[in-house]
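# Descriptive structure summary
Spelled out from the first residue to the last, the chains are:
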Amino acid sequence: DVDPNSIIYFGRSLGAAIAINTATTTPPLGIILVAPFTSLSDIAAIRFPNLPIGWLTKNRYNTISRIQYIHNPLLIIHGNLDDIVPLNHSSQIFQKANYPKTLKVLVGAGHNDTYSNDGLNYWNIVKNFIGTLNYRRGHKHIALQITAINSVEQSINPLSEISQSEESLPSGSNDSSNLDDDIPF
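Residues numbered from 1 in each chain as written. Predicted model: local features only at pLDDT ≥ 70, side-chain atom pairs only at ≥ 80, totals over all residues. Heavy atoms only, no water.

### Observations concerning the packing of aromatic side chains
What the rule picks out here adds up to two aromatic pairs. Centroid distance Y122 to W123: 4.7 Å. Interplanar angle 85 degrees. Geometry classified as edge-to-face. A relative accessible area of 26% places W123 in the partly exposed class. Among the aromatic residues, those joined into a cluster by ring pairs are Y115, Y122 and W123. One residue, K101, lies across the ring of F94, its end atom 4.6 Å from the ring centre. (Phe/Tyr/Trp six-rings, centres within 6.5 Å; stacked < 30°, edge-to-face > 60°. Buried < 20%, exposed > 50% of the residue type's maximum accessible area, 1.4 Å probe, protein only. Lys NZ or Arg CZ within 6 Å of the ring centre and 35° of its normal.)

### Section: the nonpolar core
Residues I31, L33, I67, L74 and I76 are the most contacted members of the largest nonpolar core, which totals 19 residues. When contributions to this core are tallied by element, the ones reaching two or more residues are β1 (7–12), α1 (14–25), β2 (30–34), β3 (74–79), α4 (87–96) and β4 (101–106). The dominant element in this core, judged by the number of residues it contributes, is α1, at four residues. Formed by 16 residues, the second largest nonpolar core is a distinct cluster that contains I32, I125, V126 and I130. (Core = buried A, V, L, I, M, F, W, Y, C linked by side-chain atoms within 4.5 Å. Helix = DSSP H or I, 4+ residues; strand = E, 2+ residues; numbered from the N terminus.)

Now the structure itself:
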């Protein structure tokens, strides 16, 4: 058994909805969502505006209604050029989410290239978030296991294990100010 307080859920697109579903029953140390959607019904309505597709989706993956039950640190990353899941889905989830929470918008990134469009920035955002989680746990040095919950259309293996030391944490990471509203638009 792995202690849930040492797991970070990482979900991208459909995987983000699964990460939120899982977090409502097994809370992790933190959650990273990349390009999350509010609900499957909302995405269906965008893709098929003239068809009553919403009622056909058996499991609606209603992230927007479940996010209120999450009380763990949350990082949301979304590309401003996402043409599959509109950026306003992340904004709505962010608004409904409990603190601590962070929203990072990657300028020039779409749905499937958030981690490669500006890879250094993307991975620094993830690393800094994990650094704040380490500090919240009160450990000077901790190895975290990341559980990657990825979307069906593309698998990514972000990092299998991360080791973060206190000396390399970003300045100011010992408080929650890094996790406040961080909306660059």
